Amino acid sequence: MRTFRLAAIAVAVVLFTVTACGTTGSSSAPPQQQQQRKEASQVTIGFAQRQMDAPYFVAMQAVAEDLAKQHGFKLLFQNANLDPVTQLNQVQTMLSQGVDVLVADIISPETQRPQLQQVAGQVPLIFLDSIIPGVGLTGVQSDNRQIGMLSGQLTAKRFNPATPVKVAILNGGPNDELVGPARQEGFLAGLKNGGLNYQIVASATATYTQEQAVPATESMLAAHPDIDLILGLNDSMSLGALKVLRDQRNTKTLVAAAADGQKEALAEISKGGCAGQYVSTGLNSPRLATEQAFDIAIKVATGALDPKTVPPHSFTKAAGIGCDNVAEFYDPGSVF
């Protein structure tokens, strides 16, 4: 399956080369033309989203639509359903529709790099959540390693440092080349900073969704019933793990997430308190990231911001969220 997917992406490279009309592409912003100011109502912004089967990504679309109504720009939205080739084709379609700026939450940074490097030579390309270092105008995301580490440090407080901790991990899958590994590395560093000795006894793919986390968790627990901690690299996967534990009446195994701050997870942390089964997560706000990325997109598209002045990378606020500070972040009425 992996070989087939890479072959399909290679075909997409050829298609992009043909349709780029001779553009060689570069990691920098597109060639500067005489800057003309526009009204936001004259602007079209494309949003290429990687998936819509988890609340985080749904929230990003909702925020983008709210911003389009607020500022008056035209929003073109496409969902790739975790297929890199589909996403590249969708990007090409949006280019043909005349987008002024493209915002993209990509699927496979390394395999999509050549094609999106070409796109960055045609229109300003802003990465959101998942980025390709060195490509495009800028990237906006949380500091995934940092928020993972802050969550891991909070989780470490729940365990006895003298006893090794058996950890199982729900990950994002083979295309998750940068974001998930950074979160996992950070969380495990947080456990270590908290004085814990840990052993990773199982790891399974759940592609950031609660639905896929359920069978993945069941399989890990069947093979390793003595797991002490299940780490999801986002809250959706951790909530799926929590459901399985409750269905099995397992109150011993704890759950934590490296990232997100999803309101359902914060409700669990708040309800359980400092003895609850859902221990911690890290702040990765889809609202903050989407607002920040689209603010840049609008200003560049209207001519209010010189692309040359945009920093190549920016992070949203980082925080670990646990029982002691969950009230600061939990809003039952929030979009996420």
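Going by the structure above, here's the rest.
Predicted, not measured: the structure shown is a model, and the values here were computed from it. (Residues numbered from 1 in each chain as written. Predicted model: local features only at pLDDT ≥ 70, side-chain atom pairs only at ≥ 80, totals over all residues. Heavy atoms only, no water.)

Undergrad: Whenever I open this one, empty space enclosed by the protein confuses me. Can you help?
TA: Over the atoms rolls a probe the size of a water molecule, and in doing so it shows where empty space is left. Evaluation of the coordinates by the stated rule reveals two cavities of 30 Å³ or more. Lining the largest cavity are R50, Y56, F57, D129, S130, D176, V179, R183, Y208, N234, D260 and N284. Those elements that place two or more of their residues in the lining of the largest cavity are α2 (55-71) and α6 (179-193). Class assignment for the residues of the lining of the largest cavity results in four nonpolar, three polar and five charged. Reported here for the second largest cavity is a volume of approximately 30 Å³. Lining the second largest cavity, in full, are R50, I107, P109, S130, N175, D176, E177, L178 and V179. (1 Å grid on protein atoms, 1.4 Å probe; cavity = no way out; pocket = protein on both sides within 12 Å on 5 of 7 lines; lining within 4 Å. Points joined across faces, edges and corners; volume = space filled by probe spheres on them. Helix = DSSP H or I, 4+ residues; strand = E, 2+ residues; numbered from the N terminus. Nonpolar A, V, L, I, M, F, W, Y, C, P; charged D, E, K, R; others polar.)

Undergrad: What should I look at first to understand the packing of aromatic side chains in this one?
TA: Two numbers describe a pair of aromatic rings. These are the distance of the centres and the angle of the planes. In the structure shown here, the tally under the stated rule is five aromatic pairs. Ring centres of F47 and F77 lie 5.4 Å apart, and the angle between their planes is 85 degrees; this geometry places the pair in the edge-to-face category. Separated by 30 residues along the polypeptide, F47 in strand β1 (residues 44-49) and F77 in strand β2 (residues 74-79) bring together distant segments of the chain. Taking the centre distance of 5.6 Å and the plane angle of 70 degrees together, the rings of F47 and F294 count as edge-to-face. Taken together, the residues F47 in strand β1 and F294 in helix α10 (residues 286-302) connect sequence positions 247 residues apart. Comparing F47 with F294, the two get one shared label, buried. Through a chain of ring-to-ring contacts, three or more aromatic side chains come together here, namely F47, F73, F77 and F294. (Phe/Tyr/Trp six-rings, centres within 6.5 Å; stacked < 30°, edge-to-face > 60°. Buried < 20%, exposed > 50% of the residue type's maximum accessible area, 1.4 Å probe, protein only.)

Undergrad: Please explain the layout of surface pockets as it appears in this structure.
TA: For the second largest pocket, the calculated volume is near 260 Å³. If you trace the second largest pocket, you find 14 residues lining it, with L283, S285, F329, S334 and F336 closest to the centre. Breaking the lining of the second largest pocket down by element, the ones donating at least two residues are α9 (263-272) and α10. Per element, the largest residue contribution to the lining of the second largest pocket is three residues, and it comes from α10. By residue class, the composition of the lining of the second largest pocket is seven nonpolar, three polar and four charged.

Undergrad: Explain the nonpolar core here, please?
TA: Note on soluble globular proteins: their nonpolar side chains tend to be buried together. Counting 48 residues, the largest nonpolar core has L170, L191, L229, I230 and Y278 as its most contacted members. Going through the elements one at a time, β6 (165-171), α6, β7 (198-205), α7 (210-223), β8 (229-232), α8 (235-247), β9 (254-257) and α9 are the ones with two or more residues in this core. When residues in this core are grouped by element, the largest group, six residues, is from α8. If near-sequence neighbours (up to four positions away) are discounted, L229 is found in contact with T155, F159, V165, K166, V167, A168, F187, L191, T253, L254, V255 and A256. By size, the runner-up hydrophobic cluster in this structure holds 30 residues, among which are L67, I126, A289 and V300. (Core = buried A, V, L, I, M, F, W, Y, C linked by side-chain atoms within 4.5 Å. Contact = heavy atoms within 4.5 Å.)

Undergrad: Help me understand the state of the cysteines, please; the structure alone is not making it clear to me.
TA: One way to say it: the disulfide is the covalent bond shared by the sulfur atoms of two cysteines. Across all of its chains, the model carries one disulfide by this definition. Between the sulfur atoms of C274 and its disulfide partner C323 the distance amounts to 2.0 Å. Taking the sign of the torsion about the S-S bond as the criterion, the disulfide between C274 and C323, at about 95 degrees, is right-handed. Here the residue C274 occupies a position in the loop between α9 and β10 (281-282), and C323 occupies one in the segment after β12 (320-321), the gap between them amounting to 49 residues. (Disulfide = S-S within 2.5 Å.)

Undergrad: So what exactly am I meant to see when it comes to the pattern of salt bridges here?
TA: Pairs may arise between side chains of opposite charge once their charged atoms sit close together. Counted according to the given criterion, the structure contains 12 salt bridges. The salt bridge partner of K166 is D226, with a shortest N-O separation of 2.4 Å. Within this pair, whereas K166 is found in strand β6, its partner D226 is found in the loop between α7 and β8, the two being separated by 60 residues in sequence. A residue is classified by how much of its surface remains accessible, and D226, at 35% relative accessible area, is partly exposed. For K317, the salt bridge identified is with E328, shortest N-O distance 4.0 Å. Linking K317 in the loop between β11 (313-315) and β12 with E328 in the segment after β12, this pair joins segments that are 11 residues apart in sequence. On the basis of relative accessibility, which here comes to 47%, the residue K317 falls in the partly exposed class. Assessed through its relative accessible area of 57%, E328 is described here as exposed. Connected through shared salt-bridge partners, R246, E268 and K271 make up one network. (Salt bridge = Lys/Arg side-chain N within 4 Å of Asp/Glu carboxyl O.)

Undergrad: Quick question: what am I supposed to make of the sheet that holds β7 here?
TA: Each strand in a sheet pairs with another by means of backbone hydrogen bonds, the pair being arranged parallel or else antiparallel. Strand order in the open sheet formed by four strands is β7-β6-β8-β9, and the pairing between neighbours is parallel. The sheet is open, and its two edges are formed by β7 and β9, each paired on a single side. Shown here is a sheet whose adjacent strand axes are inclined to one another by a mean of 25 degrees, direction ignored. Alignment of β6 against β8, held across four bridges, turns out to be parallel. In the strand pairing of β8, V167 is matched with L229. (Pairing = 2+ DSSP bridges. Axes fitted to C-alpha atoms, helices over the stretch in contact; angles between N-to-C directions.)

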